[in-house]
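If you want the building blocks of each chain, they are given just below.
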Amino acid sequence: MTILVAYVTRPEGLAALEKGIEIATRRNERLVVVNAGAGGRDESIIDGYEGERVAERLSKLPIQAELKHFVRGKSTIEEIEDLVDELEVSVLVIGLRKRSPVGKLLLGSMAQDILLNVSCPVLAVKAP
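All values derive from a computational prediction rather than experimental measurement. (Residues numbered from 1 in each chain as written. Predicted model: local features only at pLDDT ≥ 70, side-chain atom pairs only at ≥ 80, totals over all residues. Heavy atoms only, no water.)

Visitor: Lay out the packing of helix 3 (residues 76–86) against helix 5 (residues 110–117) in plain terms, naming residues and giving numbers.
Guide: Relative to each other, helix 3 and helix 5 sit at 30°, their axes nearing to 10 Å. When the axes of helix 3 and helix 5 are compared, the pair comes out roughly parallel. The way helix 3 lies across helix 5 gives a crossing that is right-handed. Where helix 3 approaches helix 5, its residues Thr76, Ile77, Ile80 and Glu81 are matched on the opposing element by Met110, Asp113, Ile114 and Asn117. Considering only residue class, the contact of helix 3 with helix 5 consists of four nonpolar, two polar and two charged. (Axes fitted to C-alpha atoms, helices over the stretch in contact; angles between N-to-C directions. Helix = DSSP H or I, 4+ residues; strand = E, 2+ residues; numbered from the N terminus. Parallel < 35°, antiparallel > 145°, perpendicular 65-115°, else oblique. Left-handed = near helix turned anticlockwise from the far one by under 90°. Contact = heavy atoms within 4.5 Å. Nonpolar A, V, L, I, M, F, W, Y, C, P; charged D, E, K, R; others polar.)

Written out as structure tokens, the structure reads:
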């Protein structure tokens with residue numbers, strides 16, 4: 001089985017990464033960290049330096065772990081749904097951030113879309 005972590009370079013992404021590492025190590029499961037977006041001005045996409053930093057951290061873990069970084073026109077949610085279907089995902093870990101009610105109304109909620117659409121259990125963590 002696989003623990004899948006949705007990663008962004010923000011406190012909630014780091015919280016999701018930490019929790020994913022903890023769960024995968026404790027269960028001795030494979031860990032896949034995904035960063036994805038459609039491209040363009042998508043702030044959730046990590047840069048090369050951040051990707052190298054995360055990949056190096058994963059390489060030092062006592063479990064099988066890898067970073068998948070996609071920028072190919074699909075939305076983040078589509079990429080995550082595809083990975084959940086492709087891999088045997090036991091838990092998807094996502095980070096949450098505090099947003100105002102107006103922000104939720106105008107921008108929607110990626111976390112809510114993930115919670116409602118993926119076919120595996122989802123663990124949502126908040127940044128400290």
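So, next bit.
Visitor: Quick one: what's the story with the pairing of strand 4 (residues 89–96), residue by residue and with numbers?
Guide: Burial of strand 4 is extensive: six of the eight residues sit out of reach of the surface. Judged from the five bridges that link them, strand 4 and strand 5 (residues 122–126) form a sheet pairing that is parallel. Each residue of the ladder has a partner; that of Ile94, found in strand 5, is Ala124. (Buried < 20%, exposed > 50% of the residue type's maximum accessible area, 1.4 Å probe, protein only. Pairing = 2+ DSSP bridges.)

Visitor: Kindly report on helix 2 (residues 48–59), identifying the contributing residues and their values.
Guide: Here helix 2 contains twelve residues, and its C-alpha end-to-end distance of 16 Å stays within 8% of the 16 Å for a straight helix at 1.5 Å per residue. If you check which residues of helix 2 are buried, you get Glu50, Gly51, Val54 and Leu58. All buried residues of helix 2 project into a common sector of 100° when viewed along the axis, lining one side. Of the residues in helix 2, the exposed ones pointing more than 90 degrees away from the buried face are Gly48, Tyr49, Glu52 and Ser59. Close packing links the buried residues of helix 2 with helix 1 (11–27), strand 2 (30–37) and strand 3 (65–71). Its side-chain oxygen at 3.2 Å from the backbone nitrogen of Tyr49, Asp47 defines the N-terminal cap of helix 2. (Expected span 1.5 Å × (residues − 1). Arc of directions from axis to C-beta. Polar contact = N/O pair within 3.5 Å; in protein donor to acceptor, adjacent residues only side chain to side chain.)

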